[in-house]
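Working through the structure, step by step
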Amino acid sequence: MAKIIRSQRASTSSVRSAPKKKAAKAAIPQPKRAAKKPATKAAKKAAKKTAKPKPWTAEEVFEAFDRFRKANPEPKGELEHLNPYTLLVAVVLSAQATDAGVNKATRALFAIADTPAKMLELGEDRVRDYIKTIGLYRNKAKNVIALSEKLIAEFGSEVPRTRAEIESLPGAGRKTANVVLNMAFGEHTMAVDTHVFRVGNRTGLAPGKTPLEVELGLEKVIPTEFMLHAHHWLILHGRYTCLARGPRCDVCLINDLCRWPEKTV
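A brief report on the enclosed structure follows. Here the structure is a predicted model, which is why all the values come from computation and not from measurement.

The rules behind these values
The numbers attached to residues start from 1 for each chain and follow its sequence in the written order. Local features in a predicted model are, by the rule used here, given only for residues with pLDDT of at least 70; side-chain atom pairs are given and counted only at 80 or more, and totals for whole chains, interfaces and linings are based on all residues. Values reported for side chains reflect all heavy atoms of the structure, with hydrogen atoms and water molecules removed beforehand. By the criteria applied, helices consist of DSSP H or I runs no shorter than four residues and strands consist of E runs no shorter than two, each listed in order from the N terminus. For every residue, the accessible area (1.4 Å probe, protein chains only) is compared with the maximum for its type, and the residue is labelled buried under 20%, exposed over 50%, or partly exposed between those bounds. Between N or O atoms, a polar contact is any pair within 3.5 Å; within protein, one atom must be a potential hydrogen donor and the other a potential acceptor, and residues adjacent in sequence are included only when both atoms are from side chains. A contact between two residues is defined here by any heavy atoms of the two lying within 4.5 Å. Multiplying 1.5 Å by the residue count of a helix minus one yields the expected span of that helix. All axes here are fitted lines through C-alpha atoms, helices being fitted over the stretch that makes contact, and every angle between N-to-C directions spans 0 to 180 degrees. Here a crossing is called left-handed whenever its near helix is offset anticlockwise from the far helix by less than a right angle, and right-handed whenever the offset is clockwise. Polarity classes work like this: nonpolar for Ala, Val, Leu, Ile, Met, Phe, Trp, Tyr, Cys and Pro, charged for Asp, Glu, Lys and Arg, and polar for all others, with Gly in that last group. Two aromatic rings from Phe, Tyr or Trp, using only the six-membered ring of Trp, form a pair when their centres are within 6.5 Å; if the ring planes differ by under 30 degrees the pair is stacked, by over 60 it is edge-to-face, and anything between is tilted. Charges are assigned to positions over rings by a cutoff of 6 Å between ring centre and Lys NZ or Arg CZ, combined with an angular limit of 35 degrees from the ring normal. With a 1 Å grid spanning the protein atoms alone, the term cavity applies to any set of points in which a 1.4 Å probe fits but cannot get out, the term pocket to an open set with protein on both sides within 12 Å along at least five of seven lines, and the term lining residue to any residue with an atom within 4 Å of a point. Grid points are joined across faces, edges and corners, and a volume is the space filled by probe spheres set on the points. Salt bridges are identified by distance alone: a Lys or Arg side-chain nitrogen within 4 Å of an Asp or Glu carboxyl oxygen.

**Brief notes about the side chain of T86**
Position of T86 among the secondary structure elements: in helix α3 (residues 84-93). A relative accessible area of 0% places T86 in the buried class. Polar side-chain contacts of T86 include one of 2.7 Å to the backbone nitrogen of L82. With sequence-adjacent residues up to four places away left out, T86 is seen in contact with H81, F110, A113 and D114.

Below, the structure is given as C-alpha cells:
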C-alpha cells in the first residue's frame, strides 16, 4: 500500500522585523578650544618690548638733565686736542675707534703738527705711521692730508664755523661737524654717536631709527639751558652707565624716569 506523504509547506517565519530606527546623525566633532595658558615671563617680556613707551613729559626731561648737571656741572669731551684744528682731526680719526685709542696716537702727532701747514709738511706717509694703531688708518691719513689742504686753500687755514662747510671737508660728516661746533665754538649742537643713539632709544627720551632722527628728537625735547653740555652728559652716560651689554641700572641717575622695559631698580 502506497504511503501517503502529505506535502508540508515550508513554514515561513511570521515574525515581523522590528522597524528600523532612523540612524542618529553622527555628531560632527567640534574642535576643542585650547584652554588659555597663563602668559609666560618670556611672553610678558616680549609684550613689554613691543609696547610703545609713554613719551617723557617736559618736567621729566628737565629733571633728568638737572640731575646730570648736579652730578657733573662741566662735562668735558674725552678726545685730547690743542685747538679747533686738532679737535677736527681727532674727531675724524675717532670714527670706528675709541677716544682712548685716538688719544694714544695723536699725542705725539699733535706735538709736531698742530696746524694744517705743519700736517702737510709732515706728509701722508709719516701721518700714517703716527696713527697706524687706529682702525682704517690708511684712509684716515689720506683724509687728514686732504682736509688740511682744503682748509688752507678755501678757509685760510681756519676751521669753518658752519655745519655745511665742515661737512664739506674730507672725512668729516654731520657728527664730526656737531662735535666741532659744540666743543670748539660753543654751539648748541647734538652729536649722536653710538652711545647717544643707544641712550636716546633705550630710555625712550628720543627714539629714532637713524642718528639724525635721534638728534632732532633730542634737540626738540631738551631745554635750551642744558644744550651746551647735553651731548657730553649723554655720551658719558652711555659709555659708563647705560652700557650696551649689562647696563648699570642700579647706579643710574635717571632709573626712575627711564622707559626701558628691561631696566632693574
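**Quick word on helix α12 (residues 227-240)**
For α12, built from 14 residues, the straight-helix expectation of 20 Å at 1.5 Å per residue is met to within 8% by its first-to-last C-alpha distance of 20 Å. Here α12 lies mainly inside the structure; 11 of its 14 residues are buried. Along α12, the residues that are buried comprise M227, H229, A230, H231, H232, W233, L234, I235, L236, H237 and G238. If you follow the buried residues of α12, they end up packed against α2 (58-71), α9 (174-185), α10 (194-202) and α11 (211-221).

**Quick notes on the packing of α3 against helix α4 (residues 99-112)**
One can describe the packing of α3 onto α4 by two numbers: an axis separation of 11 Å at closest approach and a directional angle of 145°. When the axes of α3 and α4 are compared, the crossing they make is right-handed. Between α3 and α4, the contacting residues are T86, V89, A90 and L93 on the first element and V102, T106 and F110 on the second. Grouping the constituent residues of the contact of α3 with α4 by class yields five nonpolar, two polar and no charged.

**Re unusual backbone geometry**
Even without being a glycine, Q96 presents a positive backbone phi close to 55°. Inspection of the secondary structure assignment puts Q96 in the loop between α3 and α4. Taking relative accessible area as the criterion, Q96 reaches 72% and is therefore assigned exposed.

**With respect to the packing of aromatic side chains**
What describes a pair of aromatic rings is the distance from one ring centre to the other and the angle between the planes of the rings. All told, the structure shown has five aromatic pairs when counted by the stated rule. Ring geometry for F65 and F226: centres 6.0 Å apart, planes at 35°, overall tilted. A residue pair is termed long-range when its members are at least 10 positions apart, and F65 in helix α2 and F226 in the loop between α11 and α12 qualify at 161 residues. Seen in terms of ring centroids, F226 and W233 are 6.3 Å apart; in terms of plane orientation they differ by 65°. Their pairing is edge-to-face. Every member of this aromatic cluster is reached through a ring pair, and the members are F62, F65, F68, F226 and W233. One cation-aromatic arrangement involves R202 over W260; the distance from NZ or CZ to the ring centre is 4.6 Å.

**Quick notes on empty space enclosed by the protein**
For the structure shown, the criterion picks out one cavity of 30 Å³ or more. In this model, the largest cavity occupies a volume close to 90 Å³. In terms of lining residues, the largest cavity is bounded by 13 residues, among which H237, C242, C249, C252 and C258 are the most central. Across the lining of the largest cavity, the residue classes tally to six nonpolar, four polar and three charged.

**What to know about the layout of surface pockets**
What the second largest pocket holds in volume is close to 440 Å³. Taken together, 25 residues form the lining of the second largest pocket, with D99, K175, D193, I235 and R239 sitting closest to its centre. At the level of secondary structure, the elements contributing two or more residues to the lining of the second largest pocket comprise α4, α9, α10 and α12. Tallied by class, the residues present in the lining of the second largest pocket amount to 11 nonpolar, eight polar and six charged.

**Details of the pattern of salt bridges**
By the definition in use, this model includes 14 salt bridges. Notably, a salt bridge pairs D66 with R69, separated by 3.0 Å at the nearest N-O pair. Placement of the pair is D66 and R69 together in helix α2, with a separation of three residues, close to one helical turn. Residue D66 is classed as buried on the basis of its relative accessible area, which comes to 12%. Given a relative accessible area of 28%, R69 falls into the partly exposed group. Across the salt bridge formed by K118 and D114, the nearest N and O atoms sit 3.1 Å from each other. Overall, D114 belongs to the partly exposed group, its relative accessible area being 22%. Several salt bridges converge on common partners, so that one network encompasses D66, R69, K70 and E225.

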